[in-house]
Amino acid sequence: MMNKKNVVTAIAALAALGACATATPYQAATPSDRGYTDQQIEQNRWVVNFAGNSLTDRQTVETYLLYRAAELTVQTGYDNFRMVRRTTDADRNFVPVGGTYSHFSPYYSFYGPRGRRVAYYPHHWAGAGFNDPFFSRAPDYREVTRFEASAEILMGRGPSPDDPAYFDARDVLSNLSGTILRPAP
């Protein structure tokens, strides 16, 4: 029977595992989590970033970036913003999934208590290319892509100029608020 401490630890581990299985919500980034960051460059100029995990698609990352730019514009007392520079980067990696290393491998050795080799299965015994159907399997690889969007924004007051590069911050917040997924409390 599990004691109370083990139950709490197991629940915390399951919660952490569950958190890894969802897309990055709209949140401030922390050292252990992805999300948005921003830095003021001048009084009305900022750099805004949003980084998603491997389950967050490119469109969501770019939407959250735009939403953060609008939110920051309103928070600092401005009405509109212009994207001076905007980029989205994709970080692609291949990670092994599955696969094992069999003790029937031609390179397997067993070492005893004093570091002495007790058994060595030479290449001719195991057979070149021997594949144990129960224990050895080459790993499969899965592509993992993480998107990060960045923009330099210039904020302004008053009505937005008649230029598609300018955004009315309150309109952006109103139109995108239904697509923003916030973290669970």
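Residues numbered from 1 in each chain as written. Predicted model: local features only at pLDDT ≥ 70, side-chain atom pairs only at ≥ 80, totals over all residues. Heavy atoms only, no water.

### Observations regarding the sheet that holds strand E7 (residues 166-168)
Strand order in the open sheet formed by five strands is E1-E2-E6-E3-E7, with antiparallel pairing between adjacent strands. The strands lining the two open edges of the sheet, one partner per strand, are strand E1 (36-42) and E7. On average, adjacent strands in this sheet sit at an angle of 35° to one another, irrespective of strand direction. In this structure, strand E2 (residues 45-51) lies alongside strand E6 (residues 140-156), joined through seven bridges in antiparallel fashion. When the bridges of E6 are listed, Ala51 appears paired with Glu148. Seen against the sheet, helix H2 (residues 58-75) touches E1, E2, strand E3 (80-97), E6 and E7 and runs at an angle of roughly 25° to E6. (Pairing = 2+ DSSP bridges. Helix = DSSP H or I, 4+ residues; strand = E, 2+ residues; numbered from the N terminus. Axes fitted to C-alpha atoms, helices over the stretch in contact; angles between N-to-C directions. Contact = heavy atoms within 4.5 Å.)

### Some thoughts on the packing of H2 against helix H4 (residues 169-176)
For the pair H2 and H4, interaxial distance at closest approach is 8 Å and the crossing angle is 135°. Classed by the angle they form, the pair H2 and H4 counts as oblique. As H2 packs across H4, the resulting crossing turns out to be left-handed. Along its contact with H2, which presents Thr63, Leu66, Tyr67, Ala70, Glu71, Thr73 and Val74, the element H4 presents Ala169, Arg170, Val172, Leu173 and Leu176. Residues that form the contact of H2 with H4 fall into these classes: eight nonpolar, two polar and two charged. (Parallel < 35°, antiparallel > 145°, perpendicular 65-115°, else oblique. Left-handed = near helix turned anticlockwise from the far one by under 90°. Nonpolar A, V, L, I, M, F, W, Y, C, P; charged D, E, K, R; others polar.)

### What to know about the side chain of Thr73
Tracing the backbone shows Thr73 in helix H2. The class of Thr73 is buried, set by a relative accessible area of 0%. The residues touching Thr73, leaving out its near neighbours within four places in the chain, are Tyr78, Asp79, Asn80, Phe81, Ile153, Met155 and Ala169. (Buried < 20%, exposed > 50% of the residue type's maximum accessible area, 1.4 Å probe, protein only.)

### Re the nonpolar core
The biggest cluster of nonpolar side chains holds 26 residues, and the ones touching the most others in it are Tyr26, Phe50, Phe81, Ile153 and Met155. For this core, the leading source of residues is H2, giving eight residues. (Core = buried A, V, L, I, M, F, W, Y, C linked by side-chain atoms within 4.5 Å.)

### Section: the side chain of Arg68
With respect to the helices, strands and loops of the structure, Arg68 is situated in helix H2. Take Arg68: its relative accessible area is 7%, and that puts it in the buried class. Those residues in contact with Arg68 that sit more than four places away from it in its chain are Tyr26, Tyr36, Asp38, Val48 and Gln75.

### Observations concerning the pattern of salt bridges
Counted under the stated rule, the structure contains seven salt bridges. Linking Arg58 and Glu62 is a salt bridge whose minimum nitrogen-to-oxygen distance equals 3.2 Å. In this pair, Arg58 and Glu62 are both assigned in helix H2, four residues apart and thus about one turn of the helix distant. When its relative accessible area of 40% is taken as the criterion, Arg58 is described as partly exposed. Here Arg170 ties to Asp79 by a salt bridge, and the two come within 3.2 Å at their closest N and O atoms. One end of the pair, Arg170, is in helix H4; the other, Asp79, is in the loop between H2 and E3, and 91 residues separate them in sequence. Take Arg170: its relative accessible area is 45%, and that puts it in the partly exposed class. Where salt bridges share partners, they join Glu42, Arg45, Arg85 and Glu152 into one cluster. (Salt bridge = Lys/Arg side-chain N within 4 Å of Asp/Glu carboxyl O.)

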